[in-house]
Amino acid sequence: MEAHVSTIVGRDGELERLSAFVTAGTGQALVLRGEAGVGKSALLDRAASAAASHRYEVVRAAGVEAEAELPFAGLHQLVYPLLTHLSGLDDGYRAVFDAVFGPREGKAPSVMALGIAVLDLLSLAAADRPLMLVVDDGQWFDPGSADVCGFVGRRLSGGPVKMLVAVRSGAAPGPEATSRFDTAGLPELAVAALPDEAAGRLLDMRHPHLGPRARRLVLDHAQGNPLALLDLPPYLDGERAGELIGIPLPRRLQHVYGTRIERLDPAVREELLKGALDGVGAGTAANRAYGTRYRLRRADEAAASGLLEVDPVSGDLVFRHPLIRSAVVQFASPERRRAAHAELAALHRDDVERRAHHLAASAVDPDEETAAALEAAADSAIRRGRAMTAVTWLTRAAELSEDAAERSRRLGDAAFTAGHSALLDQAQRIVGSVPPPDGTESPSTAVTAGYVALHEDGDVRSSHHRVAAAIERLSRDARDPGEALDRLVILLLAISQYAGDGETWERTRELVRSLSDRVDPRVAIYHDAWSDVVRHGAGLRERVERAFCDPSVLEPWDVSRLAIAASQVDMLSPFRPYLRRAADREVETGAVANGMTVLQLLMLDQMAAGEWDDAERTGRRALDLTTSHGYALLAHQSRAHLGLLAAMRGDLDDAREAQAVVDAWARPRGVGFLTQIADAIGTAAALSEGDYEGAYLHAIGITAPGSFEDCAHQAPRTLLDLVEAAVQTGRLEQARLHAAAALEAGLPGVSPRLALITYGALAMTASGDEEADGMYARAEAHPGFPFELARIRLARGVRLRHARGPKDARPVLASAAETFERLGASGWAGRARTELRACGAPAQAPHPSLTWQEHRIAELAATGLTNKEIGQRTRLSPRTVSSHLYRVFPKLGITSRAALRDALARAHDA
């Protein structure tokens, strides 16, 4: 390779780009991309040497195929030399590194949390001298490490840290042969084959005595590849040159290396094989690995043959190029490879994942010890947010199971994990691989088929029948059902929730009652929260809180299930930081479907808290994920939530489009959960534009006045909508009946939000002012839901204006108007301002081209508040505040904050 000559030939453009990269005054990242042997490692060496001469501390790492599935193995190489700086990090960041690399148990952090911790560590490490991270063979970095490197690389601007990554084209693991660096969004430098003239110069420098015919043959076969130019001549100058015609270049080189390997002493070949299978590095990157990596010994003969070289950083022997490492494995017999894996498994007896990897590769016949080790490794991978890796290990564990029942159980676990990892096709293939011995459908097949039918096509009818039948069969079996029964029952509860009708739920309840204590105690929580909080919500908050007290010990599917329960009783907010990290982690390479569900719940909680801009971003992300993974049910659920938000904001065209799409998909399938949200969208949209008759008709489509339809999850949520629409259309008797029914059903005891809207509804329908004041005071005791509270204040202000006059009404109406404007609820804001004008308040209309939200933020910025301070007042993130101001400036014809006050004054005078 070019690294072995003092001069790099034919790379003037690449060297100039790398020189500018090294000498740039700010941090940045760059990816070198090219085929095997094209000279990427030589360019990395030159860049690293140049960085060292500029006083950079250089940290090197190299991806290896043997570690491509070990979580964070690649990142460990980069972080390990910098761990001396951990003492400078706060406890939270140290805990992040402990969870990934240390002995601590618990959930692995998300890519974002780990990436932020790595950025902080890099900042500390580069405090005294700049830092250069150099990664060779990035295509073999495990997904988690590559994702974190991409996250970090996109955020190096302005600091003293640089990152240089080399990636081989078309050599990443997986069927699509793509690397996570392909989608990292980092700048790239393509390293192509050498031009003919440069290729000839390099060949003449290294092999000056080749005859014309041999020289032409080498150039033709090498096709400008520097490694081929250096290593092919001894082979092509002989009688066997014809064997290479028609073979792709990397295979030609492997064939060349294979010839050298076959000439070695058998003991040396065995040593090389163990090193290759355990991921010994290639090139000059430091040979620091995740865990303990095999160290090559007694291999001087291989070094003399040009197969190995000494790593100048660690002093260890390493392979001179990854293709040599591949050739060592390729030219070893299967028996030799299995024996080497067995030795390596013994070496790594204390590393559950690495030991399992080698045990699995060493086994031919079923072996229960190996199967159990793989199952333990899968559990470890799931805890690290790597459920997709767990699917592979569980499938292999099933293949190696000695007992047929254990094999079936592990295949069921693999299919279950694959389903939750958004690998629906793979889940179906797994359960279809072993037909049940008695001819009936196995529990794992029923779980997978029901899950796929529900999520791919919203099939609640046949999937409920299929899963219920499987539960009945399993309940008659005296043997311990293990986790199969819990999975079936919980899936049946989910199907019933989406069906959203009392008849389906009644069949489900009968089955659950018949199982008594044979299922997980959490099933009772799921049933009560998912079915009907009106009838089963009393005391539910305390039960959810106890079950959710330590989410780090829960599996990802348990987290999402309890999060659904928490959302139903409006207690998700305390868990939101953890759930955000969990979602970010799982949607990468973990339980993707559970991550998508958590994102939807986070959106709903943000909507309830009045963080509507953040809610829309979260909802868009959920919609993109669910659509791309083919989860039609969850995709329509995301559309429904976005439609509801649009209706509340007064974006009526978007709201009604979402309502129509969701209803057209859900109603023929009987997905009552979504048709109820569609009706809620129609109700909210009609209320937003003041169409109270339309709002009433939509609301009674969910539940009749004075009752709460059995298992209609939107019935308590739309309580205030129905009551307000009834009051405004002269249906006062129906409004009072419905508000009284809410109080009688005990809704105030279910959740603070239901307490707020129940007391608000009672205040709106109170016959006397004293009674109304008491109910309004009770509503005000639950301020965490600004949109509903502002609606109640608007109704109170209107009542006060008529009963006591403008003076008492004005502050209440002003508070409502301010909240609506902050939220961006344009229809409601306009109504509140109209009432204020009726009280004699000045119009104070915003600039005609500004939205109410933009005008509010502009006013606060004009007083000298920072974006952070504005965000604290408006409950928006500083980034959202900045985005609003970015749109405000051109609308007002200004370019700076200093001009805001005058511009707003001119707009007001106009």
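Note that this is a predicted model, so its numbers are computed, not measured.

**With respect to the sheet that holds strand β3 (residues 131–136)**
Move 1: A sheet is described by the order of its strands in space; here 5 strands give the open sequence β2-β3-β4-β1-β5, paired in parallel fashion. In the strand order of this sheet, the two ends are held by β2 (57–62) and β5 (188–190), each with one partner. Ignoring strand direction, the axes of neighbouring strands in this sheet form an average angle of 15°.
Move 2: Bridge analysis of β3 against strand β4 (residues 161–168) gives 5 bridges, and the strand direction is parallel. Each bridged residue has a counterpart across the sheet, and for M132 the counterpart in β4 is K162.

**Things to note about the confidence of the model for the protein**
Move 1: Looking at the protein, pLDDT values average 86 and 92% of them are 70 or higher.
Move 2: Considering each helix and strand of the protein separately, the mean pLDDT is smallest for helix α10 (residues 233–236), with a value of 70, and largest for helix α39 (residues 752–764), with 97.
Move 3: In this model, residues 1–5 is a region of pLDDT below 50 whose contacts with residues beyond four sequence positions or in other chains number 23 contacts.
Move 4: Note on residues 172–177: pLDDT under 50 across the span, and 11 contacts to partners over four residues away in sequence or across chains.

**Regarding the environment of A499**
Move 1: With respect to the helices and strands, the residue A499 is situated in helix α23 (residues 483–499).
Move 2: C-alpha separation for the pair A499 and H464, spaced 35 residues apart in sequence, amounts to 9.1 Å.
Move 3: Residues within four places of A499 in sequence aside, it is in contact with V460, T504, G670, V671, G672 and F673.

**Thoughts on a negative patch on the surface**
Move 1: A cluster of acidic residues, D651, D653, D654 and E657, forms a negative patch at the surface.
Move 2: By secondary structure assignment, the location of D651 is in the loop between α32 (632–649) and α33 (652–669).

**Some points on α39**
Helical geometry: 3.6 residues make up each α-helical turn, so side chains three or four residues apart lie on a common side.
Move 1: For α39, spanning 13 residues, the distance from its first C-alpha to its last is 18 Å, which sits close to the expected 18 Å at 1.5 Å a residue.
Move 2: Listed in full, the buried residues belonging to α39 are R753, L754, A755, L756, I757, T758, Y759, G760, A761, L762, A763 and M764.
Move 3: Where α39 is buried, its residues contact α30 (592–608), α36 (714–717), α37 (719–728), α38 (732–744), α40 (769–780) and α41 (786–803).

**Overview of the nonpolar core**
Move 1: Ranked by internal contacts, the top residues of the largest apolar core, which has 186 residues, are I471, W530, L579, L674 and F820.
Move 2: When sequence neighbours within four positions are dropped, the list of residues in contact with W530 reads I490, L493, A494, Q497, W505, R561, I564 and A565.
Move 3: Grouped together as the second largest cluster of nonpolar side chains are 43 residues, L202, L232, A302 and A340 included.

**As for the pattern of salt bridges**
Move 1: Throughout the structure, instances matching the rule amount to 59 salt bridges.
Move 2: With its nearest N and O atoms 4.0 Å apart, the salt bridge here joins R667 to D679. Of the two residues, R667 sits in helix α33 while D679 sits in helix α34 (residues 672–688), which places them 12 residues apart along the sequence.
Move 3: We note a salt bridge from E835 to R801, for which the minimum N-O separation is 3.0 Å. Taken together, the residues E835 in helix α43 (residues 826–838) and R801 in helix α41 connect sequence positions 34 residues apart.
Move 4: For E835, a relative accessible area of 16% puts it in the buried group.
Move 5: Each of E368, E375, E406, R409, R410, D413, E483 and R487 takes part in salt bridges that share partners, so that together they form one network.

Parameters at a glance
Residues numbered from 1 in each chain as written. Predicted model: local features only at pLDDT ≥ 70, side-chain atom pairs only at ≥ 80, totals over all residues. Heavy atoms only, no water. Pairing = 2+ DSSP bridges. Helix = DSSP H or I, 4+ residues; strand = E, 2+ residues; numbered from the N terminus. Axes fitted to C-alpha atoms, helices over the stretch in contact; angles between N-to-C directions. pLDDT = per-residue confidence, 0-100. Contact = heavy atoms within 4.5 Å. Patch = residues over 30% accessible without salt bridge, like charges linked within 9 Å, V, L, I, M, F, W, Y side chains within 5 Å. Areas by Shrake-Rupley, 256 points an atom, 1.4 Å probe, with all protein chains shown as cover. Salt bridge = Lys/Arg side-chain N within 4 Å of Asp/Glu carboxyl O. Lys, Arg positive; Asp, Glu negative; His and termini not counted. Charge placed at Lys NZ, Arg CZ, Asp CG, Glu CD. Expected span 1.5 Å × (residues − 1). Buried < 20%, exposed > 50% of the residue type's maximum accessible area, 1.4 Å probe, protein only. Core = buried A, V, L, I, M, F, W, Y, C linked by side-chain atoms within 4.5 Å.

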